[in-house]
Amino acid sequence: MDKTDERQKIGRNASAVAISGNTFLTIFNFIIGLISGSSALVAESAHTLSDVLTSIIAFIGFKIGMKPADDDHQYGHGRAEPLVGLVIVVFLVVVAYEILSGVYIKLTSTTPLAPPELIAALMAFIGIFINLAMTTYLMRAGKKINSPAIIADGQHQKVDIFSCIAILVGVIGAQLGFPILDPLVAIFISIIVIKTAFELARDNVNVIMGKVPSDTILDEVRSAAKKVDNVKGVHSIKINPMGPYSSAELHIEVDGDIKLKDAHEIAHNVEKRIINDVSAIKMAIIHVCPFEEECATFENGNVL
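Residues numbered from 1 in each chain as written. Predicted model: local features only at pLDDT ≥ 70, side-chain atom pairs only at ≥ 80, totals over all residues. Heavy atoms only, no water.

Participant: Lay out the overall build of the protein with the relevant residues and their values.
Facilitator: Within the protein one finds eight helices and five strands. Element order for the protein, N to C, with α for helix and β for strand: α-α-α-α-α-α-α-β-β-α-β-β-β. In terms of C-alpha radius of gyration, the protein reaches 25 Å, well past the compact-globule figure of 19 Å for 304 residues. With the C-alpha coordinates aligned to their principal axes, the bounding extent of the protein is approximately 90 × 40 × 35 Å. Counting only residues that meet the buried cut, the protein has 44% of its 304 residues in that class. Taking all contacts inside the protein whose residues are at least 6 apart in sequence as the whole, residues at least 24 apart take part in 73%. Summing over all exposed atoms, the protein offers an accessible surface of approximately 16,000 Å²; the carbon and sulfur share of this is 62%. Averaging the coordinates of the 25 positive side-chain charges in the protein and doing the same for the 32 negative ones gives two points 4 Å apart. (Helix = DSSP H or I, 4+ residues; strand = E, 2+ residues; numbered from the N terminus. Rg over C-alpha atoms; globule rule 2.2 N^0.38 Å. Buried < 20%, exposed > 50% of the residue type's maximum accessible area, 1.4 Å probe, protein only. Contact = heavy atoms within 4.5 Å. Areas by Shrake-Rupley, 256 points an atom, 1.4 Å probe, with all protein chains shown as cover. Lys, Arg positive; Asp, Glu negative; His and termini not counted. Charge placed at Lys NZ, Arg CZ, Asp CG, Glu CD.)

Written as structure tokens, this is what we have:
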């Protein structure tokens, strides 16, 4: 199985786990929430329903991002994944709004607050372990295949762990004579959702805006290029993130007296070495410069 097939399999399995797990939680959170009278658990069912939808969207973005380059998208379709991450952010904001709206209606109602039944605590306890297992699986899968869409889905899933813990505390507190805790917990859930939305928005905007994906990738590219025979120096490395992968552009320094054909071969060897050695790099553009002579580079549209 090549790397592309393996990446597709991991992404497909991660999406299947997320969709099936959240479908189960949505159904039972809603049913138990209605039976027990827990507004926090009903709010959580709305959140897990959004998890189902966002997992489907994440998988669609993952599939688009896997499409190869074509004439209209010469660097591939990888940026579909951070774009999908921003769509997930919109879902999170809508969920937070719906939760807060429900809490406002409940708090401003003339009907006295009633404590949820203990079955809501049992459902929250089960939800903690299911969400922990799904979050761990999604984050590991997303990081293994460097998928912004699946990582975003995993971050979204992680919110539910804290939500279920908060619901558990709220139900127990309400049973002890503090029914106000249940809607207050729903407010806490909405705050967590908003915080997660902000972090996801920041991370995915950074990818689209071209932020270097890691502090070490420049050193990794430089080290890979220097391993190639007859490369005497490397400079002006630039990384362009495309979502699950990046492209690299760099200048290598070679003996100024070698033939053009030899310089061309060295550049090709550097390109292959970087793509093989640096997992995040899928393509590389190599400029050849004579060693120990001034080499023109472009920065901010100006020749330096």
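Participant: Talk me through the UniProt feature "domain: Cation efflux protein cytoplasmic" (unreviewed entry) in the protein; I want residue IDs and the actual numbers.
Facilitator: With numbering aligned to this structure, UniProt lists the feature "domain: Cation efflux protein cytoplasmic" (unreviewed entry) at residues 213–290. A distance of 30 Å separates the end C-alpha atoms of residues 213–290, which is 36% helix and 36% strand. (UniProt positions renumbered as here; feature names shortened; annotations may be inferred.)

Participant: Tell me about helix α8 (residues 260–277), and name the residues and values.
Facilitator: Along its 18 residues, α8 runs 26 Å from first to last C-alpha, staying within 8% of the 26 Å computed at 1.5 Å per residue. What α8 keeps buried is the set Ala263, Ile266, Ala267, Val270 and Ile274. Angular distribution of buried residues about the axis of α8 spans 100°; they occupy a single face of the element. Exposed side of α8, more than 90 degrees from the buried face: Lys261, Lys272 and Asn276 are the residues found there. At its buried positions, α8 is contacted by α7 (217–226), β2 (246–254) and β3 (281–290). (Expected span 1.5 Å × (residues − 1). Arc of directions from axis to C-beta.)

Participant: Lay out the environment of arginine 79 with the relevant residues and their values.
Facilitator: Assignment of secondary structure puts arginine 79 in the loop between α2 (39–65) and α3 (80–108). Spatially, the C-alpha atoms of arginine 79 and tyrosine 245 are 9.1 Å apart, while their sequence positions differ by 166 residues. Beyond its immediate sequence surroundings of up to four residues, arginine 79 is in contact with Ile208, Asn240, Pro241 and Met242.

Participant: Summarise the packing of aromatic side chains; cite the residues concerned and give the values.
Facilitator: Here the structure, examined in full by the defined rule, presents two aromatic pairs. Ring geometry for phenylalanine 24 versus phenylalanine 28: centroids 4.7 Å apart, planes at 40°, classification tilted. One end of the pair is phenylalanine 24 and the other is phenylalanine 28, both in helix α1 (residues 3–36) and four residues apart, which spans about a single turn. Since its relative accessible area comes to 35%, phenylalanine 24 is described here as partly exposed. For phenylalanine 28, a relative accessible area of 36% translates into the label partly exposed. Relative to phenylalanine 129, the ring of phenylalanine 125 has its centre 5.2 Å away and its plane inclined at 70°; by these criteria the two rings are edge-to-face. Of this pair, phenylalanine 125 and phenylalanine 129 both sit in helix α4 (residues 119–144), four residues apart, which is roughly one turn of the helix. (Phe/Tyr/Trp six-rings, centres within 6.5 Å; stacked < 30°, edge-to-face > 60°.)

Participant: Which residues make up the nonpolar core, and what are the values?
Facilitator: In terms of nonpolar packing, the biggest core is built from 36 residues, with Ile88, Ile99 and Ile167 touching the most fellow members. Put simply, the parts of the chain that give this core at least two residues each are α1, α2, α3, α4, α5 (148–175) and α6 (181–208). Leave out the neighbours within four places in its chain, and isoleucine 167 touches Ala40, Leu41, Glu44, Ala124, Val185 and Ile189. Ranked by size, the runner-up nonpolar core spans 22 residues in total, among them Val221, Ala224, Ala225 and Ile286. (Core = buried A, V, L, I, M, F, W, Y, C linked by side-chain atoms within 4.5 Å.)

Participant: Which residues make up the sheet that holds β3, and what values go with them?
Facilitator: Spatial ordering of the open sheet is given by β1-β2-β3, a layout of three strands whose pairing is mixed. What marks the edges here is a single partner per strand, and that holds for β1 (233–241) and β3. Each neighbouring strand pair of the sheet contributes to a mean axis angle of 15°, computed without reference to strand direction. Direction of pairing for β2 relative to β3: parallel, over a ladder of nine bridges. Considered in β3, the bridge of isoleucine 252 is made with valine 288. Along the sheet, α7 contacts β1, β2 and β3; its crossing angle with β1, the most-contacted strand, is approximately 135°. Against the sheet, α8 contacts β2 and β3, and its axis sits at roughly 150° relative to β3. (Pairing = 2+ DSSP bridges. Axes fitted to C-alpha atoms, helices over the stretch in contact; angles between N-to-C directions.)

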